There are 2 protein chains.
Amino acid sequence: MKIIILKEKLAKGLSIVEKITGRNLTLPILNNVLISTEDNSLRLSTTDLELGISYWGLAKVEEKGEITIPVRTLSGFVSLLGEEKITIESKEKTLYLKGENYKTQIKGLDSKDFPIIPEVVSDNWIEFDAISFCRGIAQVMDFCALTQSRPELSGIYFSFQKNIAKIVATDSFRLAEKTIVLDGAMNGINNSQSFILPRNAVRELVNIFSEHNGKIKFYFSPSQVMIESYIDETQNPQARLVSRLIEGEYPDYEAVIPKEFKTQIVLPKEEFMSQIKIASLFSGRTNEVKLVISPKKGNVLISSQSVDLGETESKMAIEAKGDDVEISFNYKFLYEGLNQMRSEKIMLNLNGQDGPGVLKPSDDSNYLYVIMPIKAS
Amino acid sequence: MKIIILKEKLAKGLSIVEKITGRNLTLPILNNVLISTEDNSLRLSTTDLELGISYWGLAKVEEKGEITIPVRTLSGFVSLLGEEKITIESKEKTLYLKGENYKTQIKGLDSKDFPIIPEVVSDNWIEFDAISFCRGIAQVMDFCALTQSRPELSGIYFSFQKNIAKIVATDSFRLAEKTIVLDGAMNGINNSQSFILPRNAVRELVNIFSEHNGKIKFYFSPSQVMIESYIDETQNPQARLVSRLIEGEYPDYEAVIPKEFKTQIVLPKEEFMSQIKIASLFSGRTNEVKLVISPKKGNVLISSQSVDLGETESKMAIEAKGDDVEISFNYKFLYEGLNQMRSEKIMLNLNGQDGPGVLKPSDDSNYLYVIMPIKAS
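## Some thoughts on the nonpolar core
Point 1. Judged by nonpolar contacts, the single largest core of 214 residues is most densely connected at A:Ile156 and B:Ile156.
Point 2. Residues contacting B:Ile156, with those up to four places away along its chain left out, are B:Val140, B:Met141, B:Cys144, B:Ile167, B:Ala169, B:Leu197, B:Arg199 and B:Val202.

What follows is the structure, encoded as structure tokens:
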């Protein structure tokens, strides 16, 4: 193999593919990147056996070939170079890099030993605007379960219904739902298509595509998805993510979202968040923060107490209607939900002290956060 | 005790005194701040038994008194408040805080149990401009020894000679010396006064005073120093640090600094640092980076190799005179020294492959960094 490539392109590609490497200690080749030539491109590929990522960068290909070398070494090296052309050659299992003022050798492994990353060949696909889709995913992805005790909750649920997609995550203490209106092209997607994507795959999806100006395309098969972006207006892929899906049935989450409420409140978001933070200091091991809501007085008392540290209570003016209610939440769940909402005011809807609370941004009906209270003992 | 104080003053004071708390698990009261009234000020004090820090903030004192409470709880709470006046009251062992929209109680301990921080009462003192003095200390403080095997090297050495002060740190692999011209007032300081200040004290000194516009005053006693800043033009202290000194004789470090050199080089600092970083990737466990300096060719080759990873070599143009030399350094020691110099060009002076190298900024004769080479085996 012999190619010439701009430092910038190589560094960009490596930064995208390297993130999933380094987790596997038993199979060292998974810490490597497979470098190969494809037409007039250099292709970089990595995998952790669950996920595969590829990136294509335009290069002058003087001699075809492939090699696999430790990605962190190459990436660390390339990131320190100045803006210039790099000449890359492979001879047997060594990669040679040459620039104006340096010559470097990096030891690799035989590319035959690199695991094959399957492609998804399917006529079922759908297109999204990359930036707004990734932004929507980022609003829910942190709320899936971190344990594997219920595998289906450890992923993010995507469900297609007519002209909308719903993206949902829950750890059974709180649930976030983002609705996205489908306005891109699609093929072979039917009304009840849904799948559960592992959290790692979703995180990489956001890492790779969240700044891509343009479309990304999802290809579906029964057990995998493949997501691709393209170089400018061409059909040539720029970056590709392939992931397995999580098997199993996602719970009927819509059943737990109440539709009617006994108390409805509108709160200033920033002030509410800083009052919660203050109360969190005295919330002790249960993280319990109490809200005493009085629509008549037009205020909420936010309080917490700890046997060891002390106690605090603050008052905040609100707009509210309906019943008085006293309800306790884990401050972290409350805070993290609010933190994903971008509007100045938020709506908090309640059904007594034991029912789930529902948070919504006041100016965005496409986002919803449901939170279970800490029940009075 | 009852006082009224601005949030800003209290938060500032707490941020200064809290840094040395939380290290002691056997004596919980050391995690506390002693809050006391003094004339028209609130005084905050903390100690870790080696160091003591106090801070004075103007306050409306309605009732004298003192109490000690967990500093992190108070500091976390105060930092979250809006800009406003805080009413603080102590009753028995509880502190009550009240503002416009909140009321809070924090549980404390009896102030009688708080360790006494000794003051240094001495006629021996010297004044420095706080900002430039702290900047000078910061250039050497990271280079003292981190182990206690030679206690005198675990501190920073201050030595007064006629009209200059020298500040020195070494871990026996490298040594940094900063010279400061004394232009402030002083009293009772003689020509050969010197002391060794523990690293923690030096770090706090820089934390506390590095942004203080004005003078700081050092008071000496045989076993302690006290450093103070003052409120504006008054003689009322604003912040105070008291520290024990390290006993023992500092080594005669000046004897190891060569005065004449066989090879003298001038290098562009940034480029040299990035070449060292590149070479560090292949330097292996010894951190060894080799320099091959040729004054005749006007260049230096910077190289490293690792059995596992590969090897690299880069070339950089330099100005140099004297003998050719091949010399190896621990890249970390080289890099960290360069990182403390602010000039575009630096001088590297050498005496063969086994003698110490001396680095200096080309435009600042008040800073010096000596580094031992890795001897050829």
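## Observations concerning the relation of the copies chain B and chain A
Point 1. Superposing chain B onto chain A requires a rotation of 180 degrees together with a translation of 0.0 Å along the rotation axis, leaving an RMSD of 0.0 Å. Such a combination of rotation and displacement between the chain copies is what one expects of a two-fold axis. Scanning chain B for the C-alpha nearest the rotation axis identifies B:Arg23, at a separation of 17 Å.
Point 2. In this assembly the copies share their binding face: 100% of the residues contributing to the interface of chain B also contribute to that of chain A.

## A look at the interface of chain B and chain A
Point 1. The interface is formed by 24 residues belonging to chain B together with 24 residues belonging to chain A.
Point 2. When contributions to the side of chain B that touches chain A are tallied by element, the ones reaching two or more residues are helix 2 (71–80), strand 9 (102–107), helix 5 (269–280) and strand 22 (310–317) of chain B.
Point 3. Looking at the side of chain B that touches chain A, its residues break down into eight nonpolar, nine polar and seven charged.
Point 4. For strand 22 (residues 310–317) of chain A and strand 9 of chain B, the ladder comprises five bridges, and the chain directions are antiparallel. Paired with A:Thr312 across the strands is B:Thr104, a residue of strand 9 of chain B.

## Quick notes on the sheet that holds strand 14 (residues 186–187) of chain A
Residue and element names in this part refer to chain A.
Point 1. Read across the sheet, nine strands follow the order 6-2-3-4-18-17-16-10-14 without closing on themselves; strand pairing throughout is antiparallel. In this open sheet, the two strands that pair with only one neighbour each are strand 6 (66–70) and strand 14.
Point 2. Note that strand 2 (residues 32–38) and strand 3 (residues 41–47) share five bridges and pair antiparallel. From the neighbouring strand, Thr37 faces strand 3, where its bridge partner is Leu42.
Point 3. Strands strand 2, strand 3, strand 4 (51–58) and strand 18 (237–244) of the sheet are contacted by helix 1 (residues 7–17), whose axis makes an angle of about 175 degrees with strand 4.
Point 4. In the packing of helix 4 (residues 199–209) onto the sheet, contacts are made with strand 4, strand 16 (215–220), strand 17 (224–230) and strand 18, and the angle to strand 18 comes to roughly 170 degrees.

## Overview of helix 2 of chain B
Point 1. Restricting attention to buried positions, one finds in helix 2 of chain B the residues B:Val71, B:Thr73, B:Leu74, B:Ser75, B:Phe77 and B:Val78.
Point 2. Buried residues in helix 2 of chain B make contact with helix 5 (269–280) of chain A together with helix 1 (7–17), strand 2 (32–38), strand 3 (41–47), strand 6 (66–70) and strand 9 of chain B.

## Section: the packing of helix 1 of chain B against helix 2 of chain B
Residue and element names in this part refer to chain B.
Point 1. At a minimum axis distance of 9 Å, the contact between helix 1 and helix 2 shows a crossing angle of 140 degrees. Handedness of the helix 1/helix 2 crossing: left-handed. Residues Lys7, Leu10, Ala11, Leu14, Ser15 and Val17 of helix 1 form the contact with helix 2, whose own contacting residues are Val71, Leu74, Ser75, Val78 and Ser79.
Point 2. In terms of residue class, the contact of helix 1 with helix 2 is built from seven nonpolar, three polar and one charged.

## Topic: the environment of A:Thr37
Residues and elements named next belong to chain A.
Point 1. Summarising the element assignment, Thr37 is placed in strand 2.
Point 2. With 19 C-beta atoms packed within 10 Å, Thr37 lands in the partly exposed category.
Point 3. Measuring from C-alpha to C-alpha, the distance between Thr37 and Leu58 comes to 10.0 Å, with 21 residues separating the pair along the chain.

## Side note on the domain arrangement of chain A
Point 1. As assigned here, chain A comprises domain 1 (2–113), domain 2 (125–254) and domain 3 (258–371).
Point 2. Measuring from the centre of the C-alpha atoms in domain 1 of chain A to the corresponding centre in domain 3 of chain A gives 50 Å.

## Overview of the pairing of strand 6 of chain A
All names here are of chain A.
Point 1. Counted residue by residue, strand 6 has four buried out of five residues, so it is predominantly covered.
Point 2. Here strand 2 pairs with strand 6 via five bridges, running antiparallel. What sits directly across from Ser36, in strand 6, is Glu66.

## Things to note about the sheet that holds strand 22 of chain A
Point 1. Strand order across the open sheet formed by nine strands is 24(A)-20(A)-21(A)-22(A)-9(B)-8(B)-7(B)-1(B)-5(B), with antiparallel pairing between neighbours. Here the strands that pair on one side only, and so sit at the sheet edges, are strand 24 (325–330) of chain A together with strand 5 (60–63) of chain B. Sheet twist, expressed as the mean angle between neighbouring strand axes with direction ignored, is 20 degrees.
Point 2. Across five bridges, the pairing between strand 7 (residues 85–91) of chain B and strand 8 (residues 94–98) of chain B is antiparallel. Counted as the bridge partner of B:Glu89 is B:Tyr96 from strand 8 of chain B.

## Description of the pairing of strand 22 of chain A
In summary, the side chains of a regular strand alternate between the two faces of the sheet.
Residue and element names in this part refer to chain A.
Point 1. Relative to strand 22, strand 21 (residues 299–306) runs antiparallel, the two sharing eight bridges. Across the sheet, residue Val300 finds its bridge partner in strand 22, namely Met316.
Point 2. Between the antiparallel neighbours strand 21 and strand 22 lie three residues.

## Section: unusual backbone geometry
Point 1. One non-glycine residue, A:Ser172, lies in positive phi territory at about 80 degrees.
Point 2. Secondary-structure assignment places A:Ser172 in the loop between strand 12 (164–170) and strand 13 (174–181).
Point 3. On the basis of neighbour count, A:Ser172 is assigned to the partly exposed category, with 13 C-beta atoms found within 10 Å.
Point 4. The backbone phi angle of B:Leu49 is positive, close to 80 degrees, even though this residue is not glycine.
Point 5. In this structure B:Leu49 comes out as partly exposed when scored by C-beta crowding, with 13 C-beta atoms within 10 Å.

Rules of the game
Residues numbered from 1 in each chain as written. Chains lettered and ligands numbered in written order. Predicted model: local features only at pLDDT ≥ 70, side-chain atom pairs only at ≥ 80, totals over all residues. Core = buried A, V, L, I, M, F, W, Y, C linked by C-beta atoms within 7 Å. Buried ≥ 20, exposed ≤ 12 C-beta atoms within 10 Å, placed from the backbone. Contact = placed C-beta atoms within 7 Å. Least-squares fit on C-alpha atoms with pLDDT ≥ 70 in both. Helix = DSSP H or I, 4+ residues; strand = E, 2+ residues; numbered from the N terminus. Nonpolar A, V, L, I, M, F, W, Y, C, P; charged D, E, K, R; others polar. Pairing = 2+ DSSP bridges. Axes fitted to C-alpha atoms, helices over the stretch in contact; angles between N-to-C directions. Left-handed = near helix turned anticlockwise from the far one by under 90°. Domains from an automatic or database assignment.

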